[in-house]
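Now for the letters of each chain:
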Amino acid sequence: MFGIRHHGPGSARALRRALEEYKPDAVLIEGPPEADDLVSLAADPGMVPPVALLAYSPGRTPSPDGGEGAGRQAAFWPFAEFSPEWQALRHALDAGVPVRFCDLPAAHQLVRQHDPGAPPEGDGPQPPAGRPPEQGEAHGIRMDPLGWLAKTAGYDDAERWWDDVVEHRRDGPSPFPAIAEAMTELRARLAELPEPERGPDLLPPGYLRREEQREAYMRRTLRRALKEGYERVAVVCGAWHVPALLEQVPAARDERTLRGLPKTKVAMTWVPWTHGRLAGASGYGAGVRSPGWYHHLFTSGDRPVERWLTEAARMLREEDLHVSSAHVIEAVRLAEALAALRGRPLAGLDEVTEAVRAVLCEGNDLPVELIRRRMTVGERLGSVPERTPMVPLQRDLQAEQRRLRLKPSAIDREYDFDLRKPLDLDRSRLLHRLRLLDVEWGVPQEAQGRSKGTFRESWTLLWRPEFDVALIEASAWGTTVLEAAAARAEAAAARAASLSELTSLAERCLLADLGDALPAVMRALADRAAVDSDVAHLMAALPALVRALRYGDVRGTPTGPLRTVVDGLVVRVCVNLPPAVTGLDDDASREMLGRIDAVHGALSLLGDDGHTDRWLRTLRGLADRDGDRAVHGLLEGRLVRLLLDAGRLDDAPVRMARAVSAGTAPDRAAAWVEGFLAGGGLLLVHDDDLLRLLDGWIAGLPGEAFTAVLPLLRRTFGGYAAAERRAIGERVRRLGGAATAAPRGDRDSENDGVDAGRAAAAAATVLRILGWEAPA
């Protein structure tokens, strides 16, 4: 019996040495027995840890009405190079001895899995989610036996204790007899406690029963191996289970424990994993604090501290930070001194990190965090061989990744695609199709202006292990990424609940070049738009459709049906907008202003003269309303500004004068000004008449009225850039003087304090640079 800690380099090293001495004729490893047929793949050169066994239930195909299937359940069993189970697996394959997994089958464990894609709870005792790590002696022993031993030894950090007694050991006797003895004592102590003190109510539902079933199945597997004639059987399991497997339990009792267990259909495969997902911070129940550090400890033949600090120095130099050999030498001395002061057999991660912070990083925490992310946790992504069982959708994606030269990586990678290039265009389409399948391998950087219809897209790509589960789930929609994305889009169109969902879906179909799905989406969109009379819905849908129409043109995607829908929406918006803006309060007017701006920007992007003219005529009609029919001041001011910018108004000063006249309520005048000036203050910098009107209105406000409108004015001017505010202030300061009476170039040089004699030489030089002759 070899009781190990999952993902412990010291355990892995000691286990490999112990197996070589013991020379077993069969090896049993804690894990799902459904994976026995996949064991041979571990010897393939293409299998590079970290990897994981993935168990999933195939689930149901999508229902005819377009709804999703029942949903699959999945669980991972991860392996790193420093995992004892992986080393046991590789030893057995190298030695040519049979190897099997002996834990409770995944077919039974997945019945209890309610979190698809989560690691199984079978990786040793772990604190239940949401509970403190220790609630009484029984709870502490059962849920964190290593922590309880560490506390008994006088440590306040269980990981540090385990590192000292196991992980940092390189020589000496095998630790497994001592581990088995310690666990036996802990379980004996647990059995001595009175039943009420064992705290079953503090454990996850069914935890004790499930542990009993797991250990019964392990004993059953061991009995079968011995019955088949194997005499030297090595059992590699979590240390907590060793006493239970050594206990003389009648086979009949174990059979009763296992009888009638619920089960589900299960398929198994290998998938790539990452060091980041092995970390406890990722939520993995059996995770370790520092997988990158553990990998280094396991793979370093000698001088692990020196090698680690040397690699850290190299990485910092790549970031243009000055780190010399002398820094490394001093850091090694500091780490070893700290370990000696603390009585540790080897400088651990804490000592090494303190040395890095104090010496290599000179007290700066930012590069320390960089080392933690890249080295302590690590960014390693494993790989699996080509002959690994996969669903067709996974194989198609792999083929597309090779064709498009997009290699999955556990490190964030930035890509800029030029959509005029066929390769980049195909890359963009693949990533958009995957997003329709909920595989967020690539995340677009929206700030790069897709709404402007440019030829460039920027993406951030990061591969995560759970994407394999998503691909397995999406395989119900088709065997290729293109086919699955199209089927998924059609189903989404059939069950879309709103017009905005359909417009967004149409845009995504164009980005993904799903020509087969687009007709179904467009039919659903046209049907929904025809019966939706809410102008707010129509206005919210239009910008996305225009963006899709314009962007489809950039990609060369046919957009005829989409253009028909856009044409109809523009007409309906123009017809339904006038009654929709009548009698709006402040909040509703602000919401409508946002919709009007969005539609105005969309039509500017579309560039259709007919639609633009119809829209501006509609806005002019609203801006010309007066009396009881007048729209809210915020909207009227914005409409005047849009018409002025479009060249459709020549009386803007007159309208502003009327809006801020003495007969207008101060709150309406302030709202008008806010709407008119929204989006930028350059108009006030260049138009003295408007600035003088605004200044006169503000200066003439009574004290109480000024206090009431001040928040609106602050909100308006606070949105301007600092340079705009400064320029407006300068213009206001000079209002009424000669400085604003004529353009700056026409002013008398004396007024500007210019020395004409000194300026003449500079002017002559400029004229020569421009190729003009200087005046005589």
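Residues numbered from 1 in each chain as written. Predicted model: local features only at pLDDT ≥ 70, side-chain atom pairs only at ≥ 80, totals over all residues. Heavy atoms only, no water.

Trainee: Tell me about the overall build of the chain, and please be specific about residues and values.
Mentor: When helices and strands are tallied, the chain shows 34 helices and 10 strands. A burial count over the chain gives 50% of its 776 residues as buried. Look at the contacts in the chain between residues 6 or more apart in sequence, and 75% of them connect residues 24 or more apart. Accessible area of the chain: about 35,900 Å², with a carbon and sulfur share of 52%. (Helix = DSSP H or I, 4+ residues; strand = E, 2+ residues; numbered from the N terminus. Buried < 20%, exposed > 50% of the residue type's maximum accessible area, 1.4 Å probe, protein only. Contact = heavy atoms within 4.5 Å. Areas by Shrake-Rupley, 256 points an atom, 1.4 Å probe, with all protein chains shown as cover.)

Trainee: Can you explain the packing of aromatic side chains? Please cite residues and give values.
Mentor: Under the defined criterion, the tally for this structure stands at 12 aromatic pairs. Measuring from ring centre to ring centre gives 5.3 Å for Phe2 and Phe176, while their planes differ by 85°; the resulting arrangement is edge-to-face. Note that Phe2 is positioned in strand 1 (residues 2-4) and Phe176 in helix 7 (residues 176-192), a separation of 174 residues in sequence. Take Phe2 and Phe176: they sit in the same class, and that class is buried. An angle of 90° between the planes, with centres 5.0 Å apart, marks the rings of Trp293 and Trp308 as edge-to-face. Here Trp308 lies in helix 13 (residues 304-318) and Trp293 lies in helix 12 (residues 291-299), a separation of 15 residues in the sequence. Trp308 matches Trp293 in its accessibility class, with the two residues each being buried. (Phe/Tyr/Trp six-rings, centres within 6.5 Å; stacked < 30°, edge-to-face > 60°.)

Trainee: Talk me through unusual backbone geometry; I want residue IDs and the actual numbers.
Mentor: Following Pro49, the chain continues to Pro50 via a peptide bond in cis, the omega torsion being 5°. Among the structural elements, Pro50 can be located in the loop between strand 2 (26-29) and strand 3 (51-56). One non-glycine residue, His7, lies in positive phi territory at about 60°. Among the structural elements, His7 can be located in the loop between strand 1 and helix 1 (9-22). On the accessibility criterion, His7 (1% relative accessible area) is buried. Look at Asp320: it is not a glycine, yet its phi comes out positive at around 65°. Relative to the assigned elements, Asp320 resides in the loop between helix 13 and helix 14 (325-341).

Trainee: Hey, could you go over the packing of helix 25 (residues 586-606) against helix 27 (residues 633-645) for me, with residue numbers and the actual values?
Mentor: Working note: a packed helix pair is described by the angle between its axes plus the distance between those axes. It is the contact of helix 25 with helix 27, at a shortest axis distance of 9 Å, that shows an interaxial angle of 15°. When the interaxial angle is binned, helix 25 and helix 27 end up roughly parallel. As for the relative orientation of helix 25 and helix 27, their crossing is right-handed in sense. Along the contact surface, helix 25 presents Ser589, Arg590, Met592, Leu593, Ile596, Asp597 and His600, while helix 27 presents Leu634, Leu635, Arg638, Leu639 and Leu642. Class assignment for the residues of the contact of helix 25 with helix 27 results in seven nonpolar, two polar and three charged. (Axes fitted to C-alpha atoms, helices over the stretch in contact; angles between N-to-C directions. Parallel < 35°, antiparallel > 145°, perpendicular 65-115°, else oblique. Left-handed = near helix turned anticlockwise from the far one by under 90°. Nonpolar A, V, L, I, M, F, W, Y, C, P; charged D, E, K, R; others polar.)

Trainee: Can you break down the sheet that holds strand 10 (residues 456-461) residue by residue, with the values?
Mentor: Judged by pairing direction, the sheet is antiparallel, and its three strands sit side by side in the order 8-10-9 without closing on themselves. Each of the sheet's edge strands pairs with one partner strand only, and the pair in question is strand 8 (413-418) and strand 9 (442-444). In this sheet, neighbouring strand axes are inclined to one another by 30° on average, regardless of whether the strands run parallel or antiparallel. Here strand 8 runs beside strand 10; their pairing, made up of six bridges, is antiparallel. (Pairing = 2+ DSSP bridges.)

Trainee: Describe helix 25, and please don't skip the residues or the numbers.
Mentor: Taking 1.5 Å per residue, 21 residues should reach 30 Å; helix 25 reaches 30 Å between its end C-alpha atoms and fits that length. Those residues of helix 25 lying buried are Ser589, Met592, Leu593, Ile596, Val599, His600, Ala602, Leu603, Leu605 and Leu606. Once helix 25 ends, the next one or two residues include Gly607, with phi positive near 70°. (Expected span 1.5 Å × (residues − 1).)

Trainee: Would you mind going over the packing of helix 27 against helix 29 (residues 666-677) in detail, with residue names and values included?
Mentor: With their axes 6 Å apart at the nearest point, helix 27 and helix 29 run at an angle of 35° to one another. As for how helix 27 packs across helix 29, the hand of that crossing is right-handed. Of helix 29, the residues touching helix 27 (which contributes Gly633, Leu634, Glu636, Gly637, Arg638, Val640, Arg641 and Leu644) are Arg668, Ala671, Trp672, Glu674, Gly675, Phe676 and Leu677. Its residues assigned to classes, the contact of helix 27 with helix 29 comprises seven nonpolar, three polar and five charged.

Trainee: Help me get a handle on the environment of Ala492, residues and values and all.
Mentor: With respect to the secondary-structure elements, Ala492 resides in helix 20 (residues 481-494). The partly exposed category is assigned to Ala492, whose relative accessible area is 23%. Through-space distance from the C-alpha of Ala492 to that of Leu436 is 9.7 Å; in sequence the pair is 56 residues apart.

Trainee: Break down the nonpolar core for me, with residues and values.
Mentor: Among the nonpolar cores identified, the biggest contains 153 residues, and Leu309, Leu360 and Trp615 are the most heavily contacted of them. For this core, the element with the highest residue contribution is helix 23 (residues 535-555), accounting for nine residues. With sequence-adjacent residues up to four places away left out, Leu360 is seen in contact with Leu309, Ala312, Ala313, Leu316, Val323, His327, Val328, Ala331 and Ala355. (Core = buried A, V, L, I, M, F, W, Y, C linked by side-chain atoms within 4.5 Å.)

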